[in-house]
Amino acid sequence: MKKKSILTVFLLCAHILWPQDDQQLVLKPDNPAAGSEFFLEGLLPGVDPLSLDALEPLTDGLVRYEGCDIQPLDHGAGSKIVFRFLALAPGSSEISLLSVRQAKRLYGFNTITVQISGQRAEKMQRYGYWSFPLRVYERQSFYLAAMNPDGQAVPVPGLALEGAVIQPSGQKEHSYSISAYKSGSLFLPEVHLADEQGSFSVDKATVMVLPVGNALAAGGPWELSLHVQNDAFAGSLVSWELEAKGPEEPGLALPPDLLLLDPDGLEVELIKNSYGDINTSEHFSKIGIRGAFVAGKAGKWQFVPKSYEWLDPNTGDKKQAAAKKHVLLVLEKETELWTPPAFIVEEAKKAAKRLDKKQAVLQAVKKGDLANLYEKKLVNKREVLDQAMVILASESGLPLKAEAYGILLRTEKLALFYPGLKKAIRLLDEAFGNQRPADLFLFWWLFFAVILLLPAFLFFKKGAKAVLLTSVAAGICVLLLLILVSGKTLRFQKRFVSLGGQRFSVPSVQAADIGPAAPGLSGKVIENAGSWLWLEADNGALFWMQKENVMYY
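Residues numbered from 1 in each chain as written. Predicted model: local features only at pLDDT ≥ 70, side-chain atom pairs only at ≥ 80, totals over all residues. Heavy atoms only, no water.

Our focus in this paragraph is the sheet that holds strand β8 (residues 99-102). In spatial order, the strands read β3-β8-β9; together these three strands make up an open sheet with antiparallel pairing. Looking at strand neighbours, the two that pair on one side only are β3 (52-55) and β9 (105-108), the edges of this open sheet. Each neighbouring strand pair of the sheet contributes to a mean axis angle of 30 degrees, computed without reference to strand direction. (Pairing = 2+ DSSP bridges. Helix = DSSP H or I, 4+ residues; strand = E, 2+ residues; numbered from the N terminus. Axes fitted to C-alpha atoms, helices over the stretch in contact; angles between N-to-C directions.)

Here you go:
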């Protein structure tokens, strides 16, 4: 056993000292000066650079070995071997045992003698190098940096690479995030830079870019998620969002895709808007598509996400991220949820007679007309209220009835002047399923305050009983005023009535909605943001709605 080990070591040494392949080396520059760097470059066509390891050569002391760079060839398959040296003193120096190893095979280069000049140039030539991975994949993001002779990254002004997208990296100083969009060779240029020690050069290099085939991304892992509302009504707008979540540097990853099948199993053409976002604090990125469509018929609509295929650059294996399909139940168009109370029907008959008698021309037959008449005062309030009452007792749809309900709520503070209005509103609250808090109006608070203070002026000096009565009245008045000032009167805050439409978690029609808002739903307006309103329903639900689907009161 011992003899066999000795023989193995002997053969290995012989293999290094007398290489089987007579590979030639090129000296750069031709006449290196003492104190400067020089290189020995050799080529190995057809040899994968990732499979090679460099062995330290033997020098006679006039030079110092600085390391070896193994790069792919600029054109074609193969490797470029660059041995780096520092010339220590003038004279002749012999360098031998220059070789690289591939598994159990050695590639040896010829021994070379280098003549070191004793004359130094006025400005000694310095050399840096590119820091990059030898092999990457299409769409994969990788870091690139130009390093000075001391191994520190320095900026490269105006850096551009053909066949790749480049941008400054937010993770490493003076580094760049590179994503190649086609396979082949990515050529790094020769650049001339400077640092605190002076100028230096970085030689050109090549990055191998491997194809990913039909994979949508390289680098991961990636996860896929689908967001769709739970239910909708036929004819309503349905929003959806499909999102792939992956590494912080997504490279040129493509967005995911999905199919939409209608209740008959036919594919529906969708308008898809892509988006992307990087979360630097939590180190992940999002790439997705979103959109909205009108569900034209009732039934089961199926969202079928396509598998998101990505390539693992560590293993070269293709992997898939998947999301479950979503079945959206679309109901028939919303039917009437209530029959007008008998009192509303009787009040509508009286209103219709008044309208006929005055021959008022009111064409409020679609959503928005009643509010327009009320706000612009095209007719008097009595006529608008009468028209609203007629609509509430008619066969009109819920959105129009909700608007008529909103008109009555707008006039609620003047219910004293419109007999039956307060009772009608109470019945409508029940019919629409609202439990609105009691409205306390500023006008009536002030009226009661004045009534309670009258004894203070009439009986203030007419005995102890009068003073006591006045004090109690004044105390009650002060209490009422405190309630008023504390904001208990709802007229200090805008309220709303839903006319129907979708609710959203964010103010965007491209975001996934959270279901329809029933016509007639009431609540408070919390925030006004352009064409959107942030609302709180009386049942405590919070959501965004578009202004066109809401009526103030």
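Now for the packing of helix α5 (residues 398-410) against helix α6 (residues 421-431). Relative to each other, α5 and α6 sit at 135 degrees, their axes nearing to 10 Å. It follows from the interaxial angle that α5 and α6 lie oblique. α5 and α6 meet at a crossing whose hand is left-handed. Of the residues in α6, those touching α5 at Y405, L408 and L409 are L421, A424, I425, L428 and D429. (Parallel < 35°, antiparallel > 145°, perpendicular 65-115°, else oblique. Left-handed = near helix turned anticlockwise from the far one by under 90°. Contact = heavy atoms within 4.5 Å.)

This part is about the sheet that holds strand β1 (residues 26-28). Ordered in space as β1-β2-β6-β5, the four strands form an open sheet in which the pairing is antiparallel. Each edge of the sheet is formed by a strand with only one pairing partner; in this case those strands are β1 and β5 (63-72). Neighbouring strand axes in the sheet, compared pairwise and without regard to direction, differ in orientation by 20 degrees on average. Relative to strand β6 (residues 78-87), strand β2 (residues 37-45) is paired through nine bridges, and the arrangement is antiparallel. Looking at β6, one finds that F39 is bridged to R84.

Time to look at α6. The periodicity of an α-helix, 3.6 residues per turn, causes residues three or four places apart in sequence to face the same way. Among the residues making up α6, those that are buried are L421, A424, I425, L427, L428 and D429. Of the residues trailing α6, G433 is marked for its positive phi of about 75 degrees. (Buried < 20%, exposed > 50% of the residue type's maximum accessible area, 1.4 Å probe, protein only.)

Attention shifts here to the pairing of strand β27 (residues 284-294). As judged from the 10 bridges shared by strand β24 (residues 237-246) and β27, these two strands associate in the antiparallel manner. Residue pairing in the sheet places E241 in a bridge with R290 of β27. Strand direction decides the pairing type here: strand β26 (residues 273-279) and β27, joined by seven bridges, are antiparallel. Each bridged residue has a counterpart across the sheet, and for D277 the counterpart in β27 is K286. Taken together, β26 and the strand that follows it, β27, pair antiparallel across an intervening segment of four residues, in which H283 is found at a positive phi of about 60 degrees.

With respect to the helices and strands, the residue E282 is situated in the loop between β26 and β27. On the basis of relative accessible area, E282 is assigned to the exposed category, the value being 54%.

Before going further, it helps to spend a moment on the confidence of the model for the protein chain. With 78% of its residues at a pLDDT of 70 or more, the protein chain shows a mean pLDDT of 80. Averaged pLDDT values for the elements of the protein chain fall to 45 in helix α1 (residues 2-17) and rise to 95 in strand β25 (residues 258-261). Segment residues 1-12 is flagged for pLDDT under 50; beyond a separation of four residues in sequence, or across chains, it makes one contact in the model. (pLDDT = per-residue confidence, 0-100.)

Throughout the structure, instances matching the rule amount to 10 aromatic pairs. With centroids separated by 5.4 Å and ring planes inclined at 40 degrees, the aromatic side chains of F293 and W301 adopt a geometry described as tilted. W301 shares its class with F293; the two are buried. Taken together, the aromatic side chains of F38, Y65 and F85 make up a single cluster linked through ring pairs. Directly above the aromatic system of F284 lies the positively charged group of K245, at a separation of 4.2 Å from the ring centroid. Here the guanidinium or amino end of R503 rests over the ring plane of F543, the centre of that ring lying 5.3 Å away. (Phe/Tyr/Trp six-rings, centres within 6.5 Å; stacked < 30°, edge-to-face > 60°. Lys NZ or Arg CZ within 6 Å of the ring centre and 35° of its normal.)

Of the two faces of β25, only the one carrying L258 and L260 is buried; L259 and L261 on the other face are not. Both β25 and strand β28 (residues 299-305) contribute to a ladder of four bridges, which runs antiparallel. Paired with L260 across the two strands is F303, which belongs to β28.

L370, M389, L392, I407, L408 and L428 are the most contacted members of the largest nonpolar core, which totals 30 residues. Counting residues per element, this core draws most heavily on α5, which supplies eight residues. With residues near it in sequence (within four places) discarded, L408 still touches L385, A388, M389, L392, L421, A424, I425 and L428. Counting residues in hydrophobic clusters, the runner-up holds 27 residues, among them A217, A253, L258 and W310. (Core = buried A, V, L, I, M, F, W, Y, C linked by side-chain atoms within 4.5 Å.)

Our next topic: the pattern of salt bridges. As a working rule, side chains carrying opposite charge can pair if their charged atoms are close by. Scanning the model with the defined rule gives 16 salt bridges in all. Across the pair D386 and R354 runs a salt bridge, and its minimum N-O distance is 2.8 Å. Highlighted residues: D386 in helix α4 (residues 381-392) and R354 in helix α2 (residues 342-358), separated in sequence by 32 residues. Residue classification places D386 among the buried positions, given a relative accessible area of 2%. By relative accessible area, which is 30% here, R354 ends up partly exposed. Residues K524 and E536 are paired through a salt bridge, measuring 3.8 Å at the closest nitrogen-oxygen approach. On the criterion of sequence distance, the pair formed by K524 in strand β35 (residues 522-529) and E536 in strand β36 (residues 532-537) is long-range, its members being 12 residues apart. For E536, a relative accessible area of 24% corresponds to the partly exposed category. Among the charged side chains, a salt-bridge network with shared partners connects D257, K272 and K306. (Salt bridge = Lys/Arg side-chain N within 4 Å of Asp/Glu carboxyl O.)

Quick look at unusual backbone geometry now. Along the chain, K28 connects to P29 via a cis peptide bond; the corresponding omega equals -10 degrees. Along the chain, P29 turns up in the loop between β1 and β2. Cis geometry is adopted by the peptide bond preceding P221, which originates at G220 and carries an omega value of 5 degrees. With respect to the element layout, P221 can be found in the loop between β21 (217-218) and β22 (223-228). Even without a glycine there, the phi angle at L97 is positive, about 55 degrees. When you line up the elements, L97 lands in the loop between β7 (91-96) and β8.

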